There are 2 protein chains.
Amino acid sequence: MTSDARPASVEDTAPVGFQEHDHQTCVETALTSVEAQCSAEGLRLTPVRRKVLEMLLQEHRALGAYAILDQLRAEGFGSQPPVAYRALEFLVQNGFVHKIERLNAFVACSHPGQSHSPAFMICRKCDAVAEAQSSPAKGALGAAARAAGFEIERTVVEAEGLCPDCTEKA
Amino acid sequence: MTSDARPASVEDTAPVGFQEHDHQTCVETALTSVEAQCSAEGLRLTPVRRKVLEMLLQEHRALGAYAILDQLRAEGFGSQPPVAYRALEFLVQNGFVHKIERLNAFVACSHPGQSHSPAFMICRKCDAVAEAQSSPAKGALGAAARAAGFEIERTVVEAEGLCPDCTEKA
DNA sequence: ACTTGTCATGTTATTTCATATCATGTATTG
DNA sequence: CAATACATGATATGAAATAACATGACAAGT
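In this convention, every chain numbers its residues from 1, walking through the sequence in written order. Both sets of labels track the order of writing: A upward for chains, 1 upward for ligands. Local features in this predicted model are restricted to residues whose pLDDT is 70 or higher, and side-chain atom pairs enter the listing and the counts only when it is 80 or higher, whereas totals over whole chains, interfaces and linings include all residues. Note: side-chain values were computed over all heavy atoms of the structure, leaving out hydrogens and water.

1. Looking at the packing of helix H3 (residues 65–74) of chain A against helix H4 (residues 81–93) of chain A
Residues and elements named next belong to chain A.
At step 1: Axes here refer to lines fitted to C-alpha atoms; in helices the fit is confined to the stretch in contact. Angles between the N-to-C directions go from 0 to 180 degrees. In DSSP terms, a helix is any run of H or I states spanning at least four residues, a strand is any run of E spanning at least two, and both are numbered starting from the N terminus. Running from amino to carboxyl end, H3 crosses H4 at an angle of 110°, the nearest separation of the two axes being 9 Å. Judged by the angle between their axes, H3 and H4 are roughly perpendicular. Contact residues: Ala65, Tyr66, Ile68, Leu69 and Leu72 in H3; Pro81, Val83, Ala84, Tyr85 and Leu88 in H4.
At step 2: Three classes are used: nonpolar for Ala, Val, Leu, Ile, Met, Phe, Trp, Tyr, Cys and Pro, charged for Asp, Glu, Lys and Arg, and polar for all others, with Gly counted as polar. Counted by class, the contact of H3 with H4 contains 10 nonpolar, no polar and no charged residues. Throughout this description, any angle smaller than 35 degrees is read as roughly parallel, any larger than 145 degrees as roughly antiparallel, any in the 65 to 115 degree range as roughly perpendicular, and the remainder as oblique. We call two residues in contact when some of their heavy atoms are within 4.5 Å.

Laid out in structure tokens, this is it:
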């Protein structure tokens, strides 16, 4: 689970997530980027927070708060729900992690740093999650909102379906 | 709560939800439409199911399963969670009610009958919910999905923000 | 009429997700 | 080094959702 060195020949195009890739590098890059952003903005990436982020980056799929909590416990951190939820709150607020509403679960952000309104593709079979960009406010929804006088502040876009792997197997 | 006859002069354009409207008529129309569809398709709109649908139509905003359950209890129906969840499951499966993932709550469909992939505008202040159309699969997300080989089956689109009323008050 | 099958409902118990609250600790920073 | 912000720990509870099993209602087949 910790060292799965892969060819890494397929270098990613936009939607990171389902393709094979050099995962170790992917994790390290993301972590570095987050660290940079934190020190730049005076955010405190404390041990618990860092650990949670690492876990999510490592897994590369959505984890529930209690799954996270179990791992925290195993590593000697506090083992009560608020420990996990607080770390997640920090990470979500700062855009390092996203919550997948459909699953009541969390994934590490694939494009940390870049401001974005993310969209997700969630495999209903294997629970893999890939992050893409979306601008729903620009399409039909935006028009409807303007017509209705609704001020969009944030959007949740989640597509459920089958990932490439699971499609093949079926 | 039961009889709030309003001018009904503002006849709706696309996104039903925030505008004032003749609510009683709105409820009755929807109910009739659902009844028609049920008898056409041999679906059984039983008392519990009908009651839940009525409640949601009447409220015109998202209600949690337990709020629904409370009302069911008050009306003499079963009072355990599965009672509400089963009715909701039926209503959701047949497109008469939608689940708002962001709120873990449910709203009556504003366009019953018409097939649609709904999008929602949710006021973070008063919890009002308006339904609009969306075709996220046609925009950036669709492109990303095709690129990644992901088969979209269903999408959740929920915009959070301020409804016209709450915007004014602020 | 009686049996069988199907679908809906009722009930109990449990699991999973989430937060309020209060006490304690640990860093800045003034 | 005190003040104060922020982070964590721990207890308790609330809220959402489902598993599992029993009962009831009704239509179809014999």
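The structure having been displayed, the exposition proceeds.
2. Re the protein's contact with DNA strand C
At step 1: Around DNA strand C there are 16 residues in total, and Tyr66, Tyr85 and Lys99 of chain A together with Thr46 and Arg86 of chain B lie nearest to it.
At step 2: When the atoms of DNA strand C within 4 Å of the protein are sorted by group, sugar and phosphate make up 44%.
At step 3: Between DNA strand C and the protein, one listed contact pairs a base nitrogen with a side-chain N or O atom of Tyr66 of chain A at 2.6 Å.
At step 4: In protein, a polar contact means a hydrogen-donor-capable atom and an acceptor-capable atom, both N or O and within 3.5 Å, with residues adjacent in sequence counting only if both atoms are side-chain atoms; elsewhere, any N or O pair within 3.5 Å suffices. Lys99 of chain A is positioned such that a nitrogen or oxygen atom in its side chain is 2.7 Å from a phosphate oxygen of DNA strand C.
At step 5: Residue assignment for the surface near DNA strand C shows that the elements contributing at least two residues are H4 of chain A together with helix H2 (47–59) and helix H4 (81–93) of chain B.
At step 6: The biggest single contributor to the surface near DNA strand C is H4 of chain A, with four residues.
At step 7: When grouped by side-chain class, the residues that make up the surface near DNA strand C number seven nonpolar, four polar and five charged. Working definition: residue near molecule or strand if any one of its non-hydrogen atoms lies within 4 Å of it.

3. Side note on the relation of the copies chain A and chain B
At step 1: When the copies are superposed, the least-squares fit takes in the C-alpha atoms of residues with a pLDDT of at least 70 in both. Superposing chain A onto chain B takes a rotation of 180° plus a shift of 0.0 Å along the axis, which leaves an RMSD of 0.1 Å. Accordingly, the operation relating the two chain copies is best matched by a two-fold axis. Among all C-alpha atoms of chain A, that of Val157 of chain A lies closest to the rotation axis, at 2.3 Å.
At step 2: Most of the interface of chain A is mirrored in chain B: 100% of its interface residues are interface residues there too.

All we've got here are geometric facts, nothing functional implied.
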